[in-house]
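Structural overview
Listed below are the residues making up each chain.
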Amino acid sequence: MPVHRSGSARGRRFAVTGILLAAFSLVLTLPADASSSADTPPRGSAHMGMGVAEHDGEHGTPVPGRAVQTEGVDVSSHQGNVAWSTLWNSGVKWAYVKATEGTYYTNPYFAQQYNGSYNVGMIRGAYHFATPDTTSGAAQANYFVDHGGGWSRDGKTLPGALDIEWNPYGATCYGKTQSQMVSWIRDFLNTYKARTGRDAVIYTATSWWTQCTGNYGGFAANNPLWIARYASTVGTLPAGWGYYTMWQYTSSGPTVGDHNKFNGALDRVRALANG
């Protein structure tokens, strides 16, 4: 006859209860973790100007002036296959296409966007979204050139652009001091020029540039400025630059949201392309 041990069932009950409590505690922690990861966009999803409205706000659209300007757009994978003929017919004559980000991402729509803009007659170029916390400036410049960011003197290819702005994945300045950020940017620019023979365009916003580089003015002599500001005027420019070459003035334009003004007539866009 089996011997009944009263403590065994009780022990099993305690063990099962403990397991259930542990599982319940784990479940309670999941929503917070899931919410935290959901707040950070996936790597590769960054695009030009994604932090402008959030950090600098939106304050109107450009006031028409007497100076001639030329309309342009910038696109990334967010736009998918772009209706380039529609944009061309609306007056858009130049474009920049996201080619790469960090050393881990290439735009899957790059060919349609880069070649499509060229085929309708636009002067176009490629841009790189910088992530200074992942790899060196030189490594990212090489990755950019190797994946669409090159240049040729065909009159329709603009020099590559470095998109350096708010970090969508973490700390605003990518965990770098101001001097470290300047060094990282210099490393990228020097490598890009060594590879292509051209000085890259710098895309940024004055507030980010001031915060993360200490308003460094040493690149202004060689690198054209593409300023981001959603307002009636460009406002104060970063140190060193007396004028802007391009101005991203909205993220809610027709056909493609990101619209830009080139500071000059179409022949000046062509001049920048020719170097």
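Our structure is the block above this text.
Residues numbered from 1 in each chain as written. Predicted model: local features only at pLDDT ≥ 70, side-chain atom pairs only at ≥ 80, totals over all residues. Heavy atoms only, no water.

1. Quick look at the overall build of the protein chain
Note the following rule: Put simply, DSSP H or I for four residues or longer makes a helix, DSSP E for two residues or longer makes a strand, and each gets a number counted from the N terminus. Relative accessibility decides the category of a residue: with a 1.4 Å probe and only protein chains considered, values under 20% of the type maximum give buried, values over 50% give exposed, and everything between is partly exposed. Residue contacts are defined here by distance: any two heavy atoms, one from each residue, within 4.5 Å place the two residues in contact. For the accessible areas, the method is Shrake-Rupley and the probe is 1.4 Å, while residue cover comes only from the protein chains on display.
Of regular secondary structure, the protein chain possesses eight helices and eleven strands. Taking all 275 residues of the protein chain together, 45% fall into the buried category. Taking as baseline every contact in the protein chain between residues at least 6 positions apart, the subset at least 24 positions apart corresponds to 70%. In the structure as shown, the protein chain presents an accessible area of about 12900 Å², 54% of it carried by carbon and sulfur atoms.

2. Some words on the state of the cysteines
Formally: The disulfide criterion is simple: two cysteine sulfur atoms within 2.5 Å.
Here the structure, examined in full by the defined rule, presents one disulfide. At a sulfur-sulfur separation of 1.9 Å, the disulfide partner of Cys173 is Cys212. Its S-S torsion of approximately -75° makes the covalent link between Cys173 and Cys212 left-handed. Taken together, the positions of Cys173 in the loop between β6 (161–163) and α6 (178–196) and Cys212 in helix α7 (residues 206–213) put the pair 39 residues apart, joining distant regions of the chain. Grouping residues by exposure puts Cys173 and Cys212 together as buried.

3. Some thoughts on the environment of Pro41
Along the chain, Pro41 falls in the loop between α1 (6–38) and α2 (52–56). A relative accessible area of 24% places Pro41 in the partly exposed class. When the C-alpha positions of Pro41 and Pro168 are compared, they lie 7.0 Å apart, and in sequence the two are 127 residues distant. What Pro41 contacts, discounting residues up to four positions off in sequence, is Pro168 and Tyr169.

4. Some thoughts on α7
Which entries qualify depends on this criterion: The directions from the helix axis to the C-beta atoms are what the arc is built from.
Looking only at α7, the buried set comprises Thr206, Trp208, Trp209, Cys212 and Thr213. Around the axis of α7, the buried residues are gathered within 160° of arc, so they sit on the same side. Residues of α7 that are buried make contact with α6, β7 (201–204) and β8 (225–228). Note on α7: the residue one or two positions beyond its end, Gly214, has a positive phi of about 75°.

5. Examining the nonpolar core
The condition is simple: Residue types Ala, Val, Leu, Ile, Met, Phe, Trp, Tyr and Cys, when buried and joined through side-chain atoms within 4.5 Å, form a set referred to as a nonpolar core.
Core analysis: the largest hydrophobic core is formed by 68 residues, its most contacted members being Trp94, Tyr96, Ile164, Ile185 and Trp226. The dominant element in this core, judged by the number of residues it contributes, is α6, at seven residues. Leaving out residues up to four positions away in the same chain, Ile164 has contacts with Ala130, Pro132, Met181, Ile185, Ile202, Tyr203, Thr204, Trp208 and Trp209.

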